[in-house]
Amino acid sequence: MPPSNLTSLTPATFILTGVPGMEQLHIWISIPFCSMYLAALLGNGVLLFIIWTERSLHQPMYFFLSMLAVADLTLSTTTVPKMLALFWFRAREISFAACLTQMFFLHFTCSAESVILLAMAFDRFVAICFPLRYGAVLTPSAVAKTGLAALLRSFCIIFPCIFLLRRLPFCGHNVIQHTYCEHMGIAHLACADISLNIWYGLVVPFTVILLDLILIAVSYAFILLALCRLPSRPARHKALHTCGSHICALFLFYIPAAFASLTQRFGQNVPPDVHILLANLYVLFPPLLNPIVYGVRTQQIREKVVKVFICPKSH
């Protein structure tokens, strides 16, 4: 088919259905989603404010935590406002360009968050295994370069998806059975071979994130070896406690991400409404729970929150 005809088969807009079969419950579904989104905005906003204003928290560990908070805010804000507009006002239409933009930032943010979690594992590795060299290794410049590397790597991985989708003809198919746009959800509407989309969308991100997981596992293997060498049990417990929040963040991010990705490609027996509800929770749970986990488990942050919001100085 000539390229001009392929271009003419690109829809001007897509239609988002929300949760198929549960349209009459959209208003009720929106209440917990909206509550979780507002709580995520508040929690991550407070976290960023505390780290920004408290000079004692201007350390690599908290700079990485700030990056994680920004990534979480981007992840939820990319999808939830449009989702709520769909639930509340039946604003189902989204332009082709806006759909691709939403898809890009959704996957871009997930990829960047994986790099940030890897950087946080490396931070704990250096802090526990080489405490005397911590300041020399994790300099402000190194932290900034890590953030830039997360952006560049994510861009290089996800940007080709835009071209992989733009080359496809859609033959008038424009109804996306979801509340937001994501790569394979758009590709499945095409009336052409999408093998390249399937393989790229599965192999490239999976390989890169698997590499991140391997490096995280290696970091924790060295951390456990270092902990075994510590002479006292309290010292081991204290060192391990500093890793607890990061381990929680790893589970909150990777387990739902793996489930959402695999069910999208191989979960033909998973009911669509279940898959979509879980996919929506995936963009809300990490942003909602990460600030709570770090706020509760990290003494410095907990003390600063109490100081600023609960017991402010009288003067």
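Structure: see above.
Keep in mind the model is a prediction, meaning the values are calculated, not measured. (Residues numbered from 1 in each chain as written. Predicted model: local features only at pLDDT ≥ 70, side-chain atom pairs only at ≥ 80, totals over all residues. Heavy atoms only, no water.)

## Notes on helix α6 (residues 140–166)
Residues lying three or four places apart along an α-helix face the same way, a consequence of the helix completing one turn every 3.6 residues. In plain terms, the rule: Segments assigned H or I by DSSP are reported as helices when at least four residues long, segments assigned E as strands when at least two residues long, and all are numbered from the N terminus. A helix is expected to span 1.5 Å for every residue after the first. Axes are fitted to the seven residues ending at a residue and to the seven starting at it; the angle between these axes is taken as the bend at that residue. Accessibility here uses a 1.4 Å probe with only protein chains present; expressed as a share of the type maximum, an area under 20% marks a residue as buried, one over 50% as exposed, and anything in between as partly exposed. Contacts between residues were defined by any pair of non-hydrogen atoms, one from each residue, lying within 4.5 Å.
Here α6 is 27 residues long and its end C-alpha atoms lie 40 Å apart, about the 39 Å a rise of 1.5 Å per residue gives. Cys156 marks the point of greatest bend in α6, at about 30°, and the proline Pro160 comes within the next four residues. Along α6, the residues classified as buried are Val143, Gly147, Ala150, Ser154, Ile157, Ile158, Cys161, Ile162, Leu164 and Leu165. For α6, the elements touching its buried residues are α3 (60–89), α4 (96–129), α7 (183–187) and α8 (195–229).

## Overview of the state of the cysteines
Convention followed: The disulfide definition used here is simple: a pair of cysteine sulfur atoms within 2.5 Å.
Inspection of the entire model under this criterion finds two disulfides. Between Cys99 and Cys181 runs a disulfide, and the two sulfur atoms are separated by 1.9 Å. Disulfide Cys99-Cys181: torsion about the S-S bond near -115°, hence left-handed. Here the residue Cys99 occupies a position in helix α4, and Cys181 occupies one in the loop between β3 (175–176) and α7, the gap between them amounting to 82 residues. In this model, Cys171 is linked to Cys191 through a disulfide, with the two sulfur atoms separated by 1.6 Å. What sets the handedness of the Cys171 and Cys191 disulfide is the S-S torsion sign, and at about 70° it is right-handed. Remark: Cys191 occurs in the loop between α7 and α8 and Cys171 occurs in the loop between α6 and β3; sequence separation between them is 20 residues. Classification of Cys171 by relative accessible area gives partly exposed; the value is 37%.

## A closer look at the sheet that holds β3
The following threshold applies: At least two bridges found by DSSP between two strands is the condition for calling them paired.
With respect to topology, three strands assemble into an open sheet ordered β2-β1-β3, the strand pairing being mixed. In the strand order of this sheet, the two ends are held by β2 (93–95) and β3, each with one partner. With three bridges joining them, strand β1 (residues 13–16) and β2 adopt antiparallel strand pairing. Bridged to Thr13 within β2 is Ser95.

## Points about a nonpolar patch on the surface
To be explicit about the condition: Residues enter patches when their relative accessible area tops 30% and they take part in no salt bridge; the joining distance is 9 Å for like charges and 5 Å for the nonpolar side chains Val, Leu, Ile, Met, Phe, Trp and Tyr. Using a 1.4 Å probe, accessible areas were evaluated by the Shrake-Rupley method; residue-level cover was limited to the displayed protein chains. Take a side-chain nitrogen of Lys or Arg and a carboxyl oxygen of Asp or Glu: if they are within 4 Å of each other, that pair is a salt bridge.
A cluster of nonpolar side chains, contributed by Phe206, Leu210, Leu213, Ile214, Val218, Phe222 and Leu225, occupies part of the molecular surface with about 620 Å² of accessible area. Mapped onto the elements, Val218 comes out in helix α8.

## Section: the nonpolar core
One broad rule of soluble globular proteins: the nonpolar side chains tend to lie buried together. We apply this condition: To define a nonpolar core, start from buried Ala, Val, Leu, Ile, Met, Phe, Trp, Tyr and Cys residues and group those joined through side-chain atoms within 4.5 Å.
Core analysis: the largest hydrophobic core is formed by 87 residues, its most contacted members being Phe14, Leu65 and Ile186. If you tally residues by element for this core, the top one is α4, at 17 residues.

## Quick look at the packing of α3 against α6
This is how it is decided: Angles run from 0 to 180 degrees between N-to-C directions of axes, and those axes are lines fitted to C-alpha atoms, restricted for helices to the stretch in contact. Should an angle fall under 35 degrees it is taken as roughly parallel, and over 145 as roughly antiparallel, whereas 65 to 115 is taken as roughly perpendicular and any remaining angle as oblique. Crossing handedness: left-handed means the near helix sits turned counterclockwise from the far one by under a right angle, and right-handed means the same turn made clockwise.
One can describe the packing of α3 onto α6 by two numbers: an axis separation of 10 Å at closest approach and a directional angle of 20°. Judged on the interaxial angle alone, α6 and α3 are roughly parallel. Seen from above, α3 lies across α6 with right-handed handedness. Residue-level inspection shows Pro60, Phe63, Phe64 and Met67 of α3 in contact with α6, the latter providing Val143, Thr146 and Gly147.

## Some details on the packing of aromatic side chains
The condition is simple: In this analysis, rings of Phe, Tyr and Trp, with Trp reduced to its six-membered ring, are considered paired at centre separations within 6.5 Å, and the interplanar angle assigns stacked below 30 degrees, edge-to-face beyond 60, and tilted for intermediate values.
All told, the structure shown has 16 aromatic pairs when counted by the stated rule. Measuring from centroid to centroid gives 6.0 Å for Phe122 and Phe125, while their planes differ by 40°, and the two rings are tilted. In this pair, Phe122 and Phe125 both sit in helix α4, three residues apart, roughly one turn of the helix. Taking the centre distance of 4.8 Å and the plane angle of 20° together, the rings of Phe155 and Phe159 count as stacked. Pair noted here: Phe155 and Phe159 are both in helix α6, with a separation of four residues, about one helical turn. Overall, Phe159 belongs to the partly exposed group, its relative accessible area being 31%. Counting every residue linked through ring pairs, the aromatic cluster contains Phe104, Phe105, Phe108, Phe155, Phe159 and Phe163.

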